[in-house]
There are 2 protein chains.
Amino acid sequence: MKPSVIRQAEILCVGTELLIGDIVNTNAAYIARRLATLGIGVYRQSVVGDNPARLAEDLRAALDRVDLVITSGGLGPTYDDLTKETAAAVFGREMFLHEESLARIEAYFAATGRVMTDNNRKQAMMPQGAVVFPNDYGTAPALALVREDGKTLVMLPGPPRELEPLFREQVEPFLHPRCDAVLFSRNIHIAGMGESAVENALPRDLLESANPTLAPYCAEGEVRLRVTAKAPDEREAAALCDSMIERIRQTPVAPYIYGIDTPSAEAALVELLKARGLTVATAESCTGGLIAKRLTDISGCSAAVAGGAVTYQTREKTAILGVDPALIKAHSVVSPQVAEAMAKGALARFDTDLAIATTGFAGPGGGTERDPVGTVYIAVATKKEVHCRRLSLSPWRDRAYIRTVAATNAILDAWRLLNDVHLPKERP
Amino acid sequence: MKPSVIRQAEILCVGTELLIGDIVNTNAAYIARRLATLGIGVYRQSVVGDNPARLAEDLRAALDRVDLVITSGGLGPTYDDLTKETAAAVFGREMFLHEESLARIEAYFAATGRVMTDNNRKQAMMPQGAVVFPNDYGTAPALALVREDGKTLVMLPGPPRELEPLFREQVEPFLHPRCDAVLFSRNIHIAGMGESAVENALPRDLLESANPTLAPYCAEGEVRLRVTAKAPDEREAAALCDSMIERIRQTPVAPYIYGIDTPSAEAALVELLKARGLTVATAESCTGGLIAKRLTDISGCSAAVAGGAVTYQTREKTAILGVDPALIKAHSVVSPQVAEAMAKGALARFDTDLAIATTGFAGPGGGTERDPVGTVYIAVATKKEVHCRRLSLSPWRDRAYIRTVAATNAILDAWRLLNDVHLPKERP
């Protein structure tokens, strides 16, 4: 019998620590996103505590409603980990000791030098007929049960660093033959153009296209266009996405695209610097190290990122970056003149090709009438030129938001300067 | 009629963007944590899409099961925001235009200089008999409906920066008279002692106490003890917590406590520096600005945080911090000698009372046989002394984890140096 097609799923996360809010449920979002790529819609997500009676009730109801139920949590060694046992009861299956899993768990403990306690054997107990997915990232294997009518239950361990690779590497290949289409997305990252300007610059037939679809998102300091195609396989869906991206590259949006599927602004900048053999330094006041931190988040950045100065107090701007105290006195420390001088100072001090500087009021205290909280001057400098602009964010935004958006804008200004893309005067 | 006591709740988050995993559901965890402080248990959390039929069905089922249902999302101005309309149908109430809300929405648009479109009026429509909670953080007010039998539905807007203050400031006082006990927690933050060492140092009767309860948690680079008391009101519960904290202060754990309800290691350090009128500078290699970023996350830090140097490339350690190239050549750039020289260099360069330095391998590339990925040398220096230690994290941990734990340990080492608390030789 050919197994039935899977079109709809529910996600059921088990764990009192989720239910009481001790941890945020990132698993549901992760699983939902991955199911979307398989063309499987999510009908509902739920969280229940470690209570077998309620869990059994929920499993039965969910299996009535949809083709596929995915659980996370409750596969561990302790007495309150009861997902497998409850599922076995719901499916009318006996439990047995899965020798292969036991051997793997024993090997895992031996390799990590820890002592295996008796209750870890529980993790090798499986319902009859289970498809077992060995866990290379922890001790509890994942598993699936398929009912005679094709309804399927997949059970995953709760820790995201185990669940995510197990899902990608083993559950997706298991589900794939039963999916009748896949969804595939690419993200176009845009800086220097607002969301409505992007929409206005795109032809209507692209915005209203049914396959691929095109959806604009507004993120902190940038706009993202998501292109999503549905096709029988990933190769075909990717080709559909790519042809739409080609069309977008013929529109006025093109020069503002700083990356396709780029994980972040900093990744785009570091990649560009490495490709051109250039180096960068930072000179940060209100962002206080955030730009340097984000540039060095990128592994392998050391060829491009020389370093930076956090000159939080005024006198350090002079001591470290050589900003003239008279300039600070004349224009105040939060001013375009000081931002430019900081960028030039970092360029000289670190002897780099590019420098990025910020000075502003991140709040909640501080600010002046001319420059209230939310004002950040961003300067980017090369040996040939220096460019500065004023970013004006709402003073109602919190400190973390103001610092994050200022850092993103500063990093993208550097990217634009290197690409000769028109730099904005105010907030893009 | 005195309204009935509220003991159990369900949380129902509405929104297709949650269901498909486009955003992680932080609201459910937030609401659950806050309900716990009111002594209200959470029975279930669910996420449903913008589908009024399913939402109505779920609202009815949840109101059958528990005393209180809290929704988030679906209160906005667009056609697919249907939570209020669906709830009105479930409660058999008509909708009316709530003039006060309309006036507030108009004022909000006027203040932010945006144009109010017609569909924003929808946000001022309310079911008859609704308790309206005005929204100072956005345009959609929150509201509550109470059924004749006391069953209560609270509806909140979806964005966390609106939902969280609305819940704290308005929903909690609304629910409070109907709670028969409150839970109150305090967190004791401990650095320099492992979780099992903390447990061993505490008397058994404290660990097994029923009210308050005491629960240890292991976080990245620290141990947290959560003390939770249940009492008729918050004052009494707080007193129960405080008397347990007093007892813990009599145990060998005491010198390792760096804060009670301290939001972070950096907050504890900045507070201590400000209290003593001291200043700090950072000298970061592998943490690349993360320590400076975290210290400047704290608003009002400018009195204590002078600045810092990110010396990511080797030559910057010499150029900016004055580290002797011969020292680097003799010991390599990742070594205790270089970490100490960096700390001393920052102390001199920034003319501060304290300096914090890091050099190590955050991976995934790099590392040597002696110092594999996960090795970080942390140095803290005052004008009188310099202290360095080696932190050895698992090379299997990712770059972000290694950088985060190294930064936390470095910040806490500075705190300990100032408090004359024994500094660890390796990882605490």
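Residues numbered from 1 in each chain as written. Chains lettered and ligands numbered in written order. Predicted model: local features only at pLDDT ≥ 70, side-chain atom pairs only at ≥ 80, totals over all residues.

**Things to note about the overall build of chain A**
Step number 1: Scanning chain A from N- to C-terminus turns up 15 helices and 17 strands.
Step number 2: Taking the principal axes of the C-alpha coordinates as reference, chain A spans close to 80 × 55 × 40 Å.
Step number 3: Counting only residues that meet the buried cut, chain A has 48% of its 428 residues in that class.
Step number 4: Contacts spanning at least 24 positions in sequence make up 68% of the contacts within chain A whose residues lie at least 6 apart. (Helix = DSSP H or I, 4+ residues; strand = E, 2+ residues; numbered from the N terminus. Buried ≥ 20, exposed ≤ 12 C-beta atoms within 10 Å, placed from the backbone. Contact = placed C-beta atoms within 7 Å.)

**Here we look at the nonpolar core**
Step number 1: Residues Ala-343 of chain A together with Ala-343 of chain B are the most contacted members of the largest nonpolar core, which totals 260 residues.
Step number 2: In contact with Ala-343 of chain A, other than residues within four places in its own chain, are Ala-283, Ala-355, Ile-356, Ala-357, Ala-379, Val-380, Ala-381 and Val-386 of chain A. (Core = buried A, V, L, I, M, F, W, Y, C linked by C-beta atoms within 7 Å.)

**A look at unusual backbone geometry**
All names here are of chain A.
Step number 1: Residues Gly-363 and Pro-364 are joined by a peptide bond in cis, for which omega reads 0°.
Step number 2: One non-glycine residue, Asp-261, adopts positive backbone phi at about 55°.
Step number 3: Positionally, Asp-261 belongs in the loop between β12 (257-260) and α10 (265-276).
Step number 4: Phi at Asp-351 is positive, roughly 50°, even though this residue is not glycine.
Step number 5: Considering the arrangement of structural elements, one finds Asp-351 in the loop between α14 (336-350) and β15 (354-360).
Step number 6: According to the C-beta neighbour criterion, Asp-351 is partly exposed, with 13 such atoms within 10 Å.

**Regarding the sheet that holds strand β1 (residues 8-14) of chain A**
Step number 1: Reading across the sheet, the 12 strands line up as β6(A)-β7(A)-β8(A)-β3(A)-β1(A)-β2(A)-β2(B)-β1(B)-β3(B)-β8(B)-β7(B)-β6(B) and stay open at both edges, with mixed pairing between neighbours. Each edge of the open sheet is held by one strand with a lone partner, namely β6 (131-133) of chain A together with β6 (131-133) of chain B. Here the average twist between neighbouring strands, direction ignored, is 15°.
Step number 2: The sheet contact formed by strand β7 (residues 142-146) of chain B and strand β8 (residues 152-156) of chain B spans 4 bridges and is antiparallel. By the bridge assignment, Val-146 of chain B is partnered in β8 of chain B with Thr-152 of chain B.
Step number 3: Across the sheet, helix α2 (residues 26-37) of chain A touches β1, β2 (41-48) and β3 (68-72) of chain A together with β2 (41-48) of chain B, and the angle it forms with β1 of chain A is around 160°.
Step number 4: Across the sheet, helix α3 (residues 52-65) of chain A is in contact with β1, β2, β3 and β8 (152-156) of chain A; its angle to β1 of chain A comes to roughly 170°. (Pairing = 2+ DSSP bridges. Axes fitted to C-alpha atoms, helices over the stretch in contact; angles between N-to-C directions.)

**A short note on the interface of chain A and chain B**
Step number 1: Across the contact, 46 residues belong to chain A and 46 residues belong to chain B.
Step number 2: Sorting the residues of the side of chain A that touches chain B by element identifies α2, β2, α11 (290-297), β14 (305-311) and α14 of chain A as the ones contributing at least two each.
Step number 3: Tallied by class, residues from the side of chain A that touches chain B come to 22 nonpolar, 18 polar and 6 charged. (Nonpolar A, V, L, I, M, F, W, Y, C, P; charged D, E, K, R; others polar.)

**Some words on the domain arrangement of chain A**
Many descriptions give the size of an interface as the accessible area lost when the pieces come together.
Step number 1: Entries for chain A in the domain assignment read domain 1 (8-178), domain 2 (182-260) and domain 3 (265-418).
Step number 2: On a C-alpha basis, the centres of domain 1 of chain A and domain 3 of chain A stand 47 Å from each other. (Domains from an automatic or database assignment.)

**Describing the sheet that holds β12 of chain A**
Residue and element names in this part refer to chain A.
Step number 1: Strands sit in the order β10-β11-β9-β12 across an open sheet of 4 strands; the sheet is antiparallel. Taken across any chain shown, the strands that pair with only one partner, and hence form the sheet edges, are β10 (213-219) and β12. Each neighbouring strand pair of the sheet contributes to a mean axis angle of 25°, computed without reference to strand direction.
Step number 2: Bridge analysis of strand β9 (residues 182-190) against strand β11 (residues 222-231) gives 9 bridges, and the strand direction is antiparallel. Among the inter-strand pairings, Val-182 is bridged to a residue of β11, identified as Ala-231.
Step number 3: Lying on the sheet, helix α9 (residues 234-248) is in contact with β9, β10, β11 and β12; it crosses β9 at an angle near 25°.

**Details of the confidence of the model for chain A**
Low pLDDT marks stretches whose predicted atomic positions should not be read closely.
Step number 1: Taken as a whole, chain A shows an average pLDDT of 92; of its residues, 98% reach a score of 70 or greater.
Step number 2: In the model output, the complex is listed with pTM 0.80 alongside ipTM 0.78. (pLDDT = per-residue confidence, 0-100.)

**Digging into the environment of Ala-346 of chain A**
Residues and elements named next belong to chain A.
Step number 1: Within the fold, Ala-346 resides in helix α14.
Step number 2: Given 30 C-beta atoms within a 10 Å radius, Ala-346 is considered buried.
Step number 3: C-alpha separation for the pair Ala-346 and Thr-368, spaced 22 residues apart in sequence, amounts to 26 Å.
Step number 4: Dropping the residues within four chain positions of it, Ala-346 is found in contact with Ala-281, Thr-282, Ala-283, Gly-308, Ala-309, Leu-321, Ala-355 and Ala-357.

**Focus: the relation of the copies chain A and chain B**
Step number 1: Each copy of the sequence occupies a distinct position, and chain A is placed on chain B by a rotation of 180° and an axial shift of 0.6 Å, giving an RMSD of 0.6 Å. Taken together, the turn and the small shift mark the pair as related by a two-fold rotation axis. (Least-squares fit on C-alpha atoms with pLDDT ≥ 70 in both.)

**Topic: the packing of α10 of chain A against helix α15 (residues 399-418) of chain A**
Residues and elements named next belong to chain A.
Step number 1: Interaxial distance between α10 and α15 falls to 9 Å at its minimum, and their mutual angle equals 30°. The angle between α10 and α15 places the two elements in the roughly parallel class. The handedness of the crossing between α10 and α15 comes out as left-handed. Judged by residue contacts, Ala-265, Glu-266, Ala-268, Leu-269 and Leu-272 of α10 engage Thr-408, Ile-411, Leu-412, Ala-414, Trp-415 and Leu-418 from α15.
Step number 2: Here the contact of α10 with α15 is composed, by residue class, of 9 nonpolar, 1 polar and 1 charged. (Parallel < 35°, antiparallel > 145°, perpendicular 65-115°, else oblique. Left-handed = near helix turned anticlockwise from the far one by under 90°.)

**Focus: the environment of Arg-7 of chain A**
Residues and elements named next belong to chain A.
Step number 1: Along the polypeptide, Arg-7 turns up in the segment before β1.
Step number 2: Here Arg-7 falls in the partly exposed class, since 16 other C-beta atoms lie within 10 Å of it.
Step number 3: Residues Arg-7 and Val-42, spaced 35 residues apart in sequence, show a C-alpha to C-alpha distance of 8.8 Å.

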